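Descriptive analysis of the structure
Here is how the chains run, residue by residue.
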Amino acid sequence: MTILVTGATGLVGRHVVDRLLQAGASVRVLTRTPAKAVFPEDVEVFKGDLLQPPSLVAALEGVEKLLLFPQPETATEVVDLARQAGVQRVVVLSAAAVTLGFDTAYHARVERAVEEAGLEWTHVRPGEFMTNVLPIWGPMIKESRMVRYPFGDDLGAAPIHEADIADVAVVALLEDRHIGKAYTLSGPEQLSVRRQVGAIADALGEEVRYEEVSREEARDILRAMGGFAAESADLLLGFVDYEGGAGGGDNGYSDQDYSDLMKPLPGYGEATGKDGRTYAQWARDHVEDFR
């Protein structure tokens, strides 16, 4: 049985590849730049791009199962090629926003394409990633051992370790009992920004100060950082909503809807029978990224 992993160089994909190899699966990966990709020698590496579906034909040959990274623009064509190649099962790396219904045009389009193709499917829908803070707080902590951010004591989401997302994707690929299920995932605990910073400090074994700033000040800080921080500032700080409209607009969902999605969700335990990794574990796993 050959499994093709798309998005294999990403945060989740790298863990999926490792776990599939540990399970004895035959693993194939798709990447746009094979020369730059580093994988164990047992992994077959194919060049291809989800935005250019014909480039996947060779990679799909002989594949029975597929982990599909979300690319809605070409999802229907990619899934059709997979079906023609004999792929039987597709696990979609989706998003928790689909569960609530305010993602109807991105991850949801990919899910629909797989379901309408008549293939075995499982949708893996993680919420906020713990690692989202790395490109934002990482430079701050490295430079000054300080995080300047708003919402310090607000009870936020229950972010999830990327390794937990990979765990669910792997069992969905390998076990029949997950066919036709959608798992909405979070970490095991809701955390404030202050507590997250504290966990990183504990992992470092050093003091990391937290300074409360306004949303407007934080936006200026993030924009000055450039890259992901600048690009994501408005979304992360609540100036725009998930689909790019004005933040705080009436989209038909109540505060209770959002509150329910912020709480620890049962999907990881339902899929794996285990407790999810804590933020403290994530901080230890990434401690060198903050040094």
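Parameters and conventions
Residues numbered from 1 in each chain as written. Predicted model: local features only at pLDDT ≥ 70, side-chain atom pairs only at ≥ 80, totals over all residues. Heavy atoms only, no water. Helix = DSSP H or I, 4+ residues; strand = E, 2+ residues; numbered from the N terminus. Polar contact = N/O pair within 3.5 Å; in protein donor to acceptor, adjacent residues only side chain to side chain. Pairing = 2+ DSSP bridges. Axes fitted to C-alpha atoms, helices over the stretch in contact; angles between N-to-C directions. Contact = heavy atoms within 4.5 Å. Parallel < 35°, antiparallel > 145°, perpendicular 65-115°, else oblique. Nonpolar A, V, L, I, M, F, W, Y, C, P; charged D, E, K, R; others polar. Buried < 20%, exposed > 50% of the residue type's maximum accessible area, 1.4 Å probe, protein only. Arc of directions from axis to C-beta. Salt bridge = Lys/Arg side-chain N within 4 Å of Asp/Glu carboxyl O. Phe/Tyr/Trp six-rings, centres within 6.5 Å; stacked < 30°, edge-to-face > 60°. pLDDT = per-residue confidence, 0-100.

Brief notes about the environment of Glu175
For Glu175, the location among the structural elements is in the loop between helix H7 (162-174) and strand S8 (181-185). Among the polar contacts made by the side chain of Glu175, one reaches the side chain of Arg177 at a distance of 3.0 Å.

What to know about the sheet that holds strand S1 (residues 2-5)
Strand pairing in a sheet relies on backbone hydrogen bonds, with the paired strands running either antiparallel or parallel. Pairing is parallel in the open sheet, where seven strands are placed in the order S3-S2-S1-S4-S5-S6-S8. Bordering the open sheet on either side are strand S3 (44-47) and S8, each of which pairs with just one other strand. Across the sheet, the mean angle separating the axes of adjacent strands is 15 degrees when strand polarity is ignored. By the bridge criterion, four bridges tie strand S2 (residues 26-31) to S3 in an arrangement that is parallel. Directly across from Leu30, in S3, lies its bridge partner Phe46. Sitting on the sheet, helix H1 (residues 11-22) is in contact with S1, S2, strand S4 (65-68) and strand S5 (89-93), with an inclination near 165 degrees to S1. Across the face of the sheet, H7 comes into contact with S1, S4, S5, strand S6 (120-126) and S8 while running at roughly 165 degrees to S5.

Looking at the packing of helix H6 (residues 134-144) against helix H9 (residues 215-225)
Here H6 crosses H9 at 85 degrees, and the two axes come no closer than 11 Å. What the angle tells us is that H6 and H9 run roughly perpendicular. Contacts between H6 and H9 involve Pro135, Ile136, Pro139 and Met140 from the former and Ile221, Leu222 and Met225 from the latter. Looking at the contact of H6 with H9 residue by residue, the classes come out as seven nonpolar, no polar and no charged.

A look at helix H3 (residues 75-85)
Residues three or four positions apart in an α-helix share a direction because the helix packs 3.6 residues into each turn. For H3, every residue scored as buried is listed here: Ala75, Val78, Val79, Leu81 and Ala82. One side of H3 holds all its buried residues, which, seen down the axis, span an arc of 155 degrees. More than 90 degrees from the buried face of H3, the exposed residues found are Thr76 and Gln84. As for H3, its buried residues are in contact with helix H2 (57-60), S4 and helix H5 (107-116).

Observations regarding the pattern of salt bridges
Taken as a whole and judged by the stated rule, the model has 18 salt bridges. A salt bridge links Asp153 to Arg194, with the nearest nitrogen and oxygen atoms 2.7 Å apart. One end of the pair, Asp153, is in the loop between strand S7 (146-149) and H7; the other, Arg194, is in helix H8 (residues 193-204), and 41 residues separate them in sequence. Notably, a salt bridge pairs Asp164 with Arg277, separated by 2.3 Å at the nearest N-O pair.

Some words on the packing of aromatic side chains
Counted by the stated rule, this structure contains four aromatic pairs. Arranged with centres 5.7 Å apart and planes meeting at 80 degrees, the rings of Trp137 and Tyr149 form a pair that is edge-to-face. Here Trp137, found in helix H6, pairs with Tyr149, found in strand S7; they are twelve residues apart in sequence, far enough to count as distant. For the pair Trp137 and Tyr149, a shared accessibility class is recorded, and that class is buried. Taking 6.3 Å as the distance between ring centres and 80 degrees as the angle between the ring planes, the aromatic pair formed by Tyr149 and Phe151 counts as edge-to-face. Members of the aromatic cluster, connected to one another through ring pairs, are Trp137, Tyr149 and Phe151.

A word on the confidence of the model for the protein
Looking at the protein, the pLDDT average stands at 92 and 93% of residues meet or exceed 70. With pLDDT under 50 throughout, residues 244-253 is counted as low confidence; its partners more than four residues away or in other chains account for 13 contacts.

Observations regarding unusual backbone geometry
The backbone of Arg145 shows a phi angle near 50 degrees, a positive value even though the residue is not glycine. Inspection of the secondary structure assignment puts Arg145 in the loop between H6 and S7. Classification of Arg145 by relative accessible area gives buried; the value is 18%. The backbone phi angle of Phe151 is positive, close to 65 degrees, even though this residue is not glycine. Here Phe151 lies in the loop between S7 and H7. The exposure class of Phe151 is partly exposed, given its relative accessible area of 27%.

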